[in-house]
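# Working through the structure, step by step
The residues making up each chain are set out below.
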Amino acid sequence: QEQLVESGGGLVQAGGSLRLSCAASGLTVSSYHMGWFRQAPGKEREFVAGINWRGGSTYYADSVKGRFTISRDNAKNTVHLQLNSLKREDTAVYYCAAKYYSGTYYFTVPSRVDEYEYWGQGTQVTVSS
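Report on the accompanying structure. From a predicted model like this one, the values you see are computed outputs, not experimental measurements.

The rules behind each value
- Residues numbered from 1 in each chain as written.
- Predicted model: local features only at pLDDT ≥ 70, side-chain atom pairs only at ≥ 80, totals over all residues.
- Heavy atoms only, no water.
- Phe/Tyr/Trp six-rings, centres within 6.5 Å; stacked < 30°, edge-to-face > 60°.
- Helix = DSSP H or I, 4+ residues; strand = E, 2+ residues; numbered from the N terminus.
- Buried < 20%, exposed > 50% of the residue type's maximum accessible area, 1.4 Å probe, protein only.
- Lys NZ or Arg CZ within 6 Å of the ring centre and 35° of its normal.
- Pairing = 2+ DSSP bridges.
- Polar contact = N/O pair within 3.5 Å; in protein donor to acceptor, adjacent residues only side chain to side chain.
- Contact = heavy atoms within 4.5 Å.
- Core = buried A, V, L, I, M, F, W, Y, C linked by side-chain atoms within 4.5 Å.

## Regarding the packing of aromatic side chains
Here the structure, examined in full by the defined rule, presents eleven aromatic pairs. Relative to Tyr116, the ring of Phe37 has its centre 5.2 Å away and its plane inclined at 80 degrees; by these criteria the two rings are edge-to-face. A residue pair is termed long-range when its members are at least 10 positions apart, and Phe37 in strand β4 (residues 32-39) and Tyr116 in the loop between β9 (92-100) and β10 (118-119) qualify at 79 residues. Phe37 sits in the buried class, given a relative accessible area of 0%. Clustering of aromatic rings is evident, with ring pairs tying together Phe37, Phe47, Tyr95, Tyr116 and Trp119. The ring centre of Tyr95 lies 3.7 Å from the NZ or CZ of Arg45, which sits over that ring. Its end group placed over the ring of Trp119, Arg45 keeps NZ or CZ at 4.9 Å from the ring centre.

Laid out in structure tokens, this is it:
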């Protein structure tokens, strides 16, 4: 059974850093596009970052570009999201998601919620001023 489990969230002051992890089981991350999304209270879930199944290409929302970094550890079957220079507006529940590579998005990653097949339960990130 495919499962994604996020960890690493917490409370941090503005300007601080966190590292989120997404441990996968029942699927191999190197065969999937992996994405991070977030959802703030009263808002829709939005794309934050993604790493292509080939592993060599990463993509970011404009709001986090230059501050967040997505990476993949094939040996540990885990995906990470490094969050630096955090702002209050980064406060949200962060979700890991996976989409099996089936021939689409060879060079990029999907960024719509409905394109991903598997989701974690989410981890809360709260940034205080």
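## Re the environment of Tyr101
Its place among the elements puts Tyr101 in the loop between β9 and β10. The buried category is assigned to Tyr101, whose relative accessible area is 18%. C-alpha of Tyr101 to C-alpha of Ser30: the two residues are 71 residues apart in sequence and 9.2 Å apart in space.

## Comments concerning the pairing of strand β5 (residues 46-51)
Counting buried positions along β5 yields five of six residues, so the element is predominantly enclosed. Note that β4 and β5 share five bridges and pair antiparallel. Paired with Phe37 across the strands is Phe47, a residue of β5. Counted along the chain from β4 to the antiparallel partner β5, the turn is six residues long, and its residue Gly42 has a positive phi close to 80 degrees. Of the strand pairs in this sheet, β5 and strand β6 (residues 58-60) are connected by three bridges, and their pairing is antiparallel. Bridging from a neighbouring strand, Gly50 pairs with Tyr59 of β6. Counting the residues that bridge the hairpin from β5 to β6 gives six residues, and of these Gly55 lies at a positive phi of roughly 85 degrees.

## Quick look at the side chain of Thr123
With respect to the element layout, Thr123 can be found in strand β11 (residues 123-128). Given the relative accessible area of 11%, Thr123 is considered buried. A distance of 3.1 Å separates the side chain of Thr123 from the backbone nitrogen of Gly9, its partner in a polar contact. Each residue touching Thr123, except ones within four places of it in the same chain, is listed here: Glu6, Ser7, Gly8, Gly9, Leu20, Ala92, Val93 and Tyr94.

## Observations regarding the nonpolar core
Residues Met34, Trp36, Leu81 and Tyr94 are the most contacted members of the largest nonpolar core, which totals 30 residues. Of all the secondary structure elements, the ones that give two or more residues to this core are β3 (18-25), β4, β5, β7 (68-73), β8 (78-83), β9 and β11. Those residues in contact with Leu81 that sit more than four places away from it in its chain are Leu18, Arg19, Leu20, Trp36, Val48, Ala49, Phe68, Thr69, Ile70 and Tyr94. Counting five residues, the second largest nonpolar core, distinct from the first, contains Phe37, Phe47, Ala97 and Tyr116.

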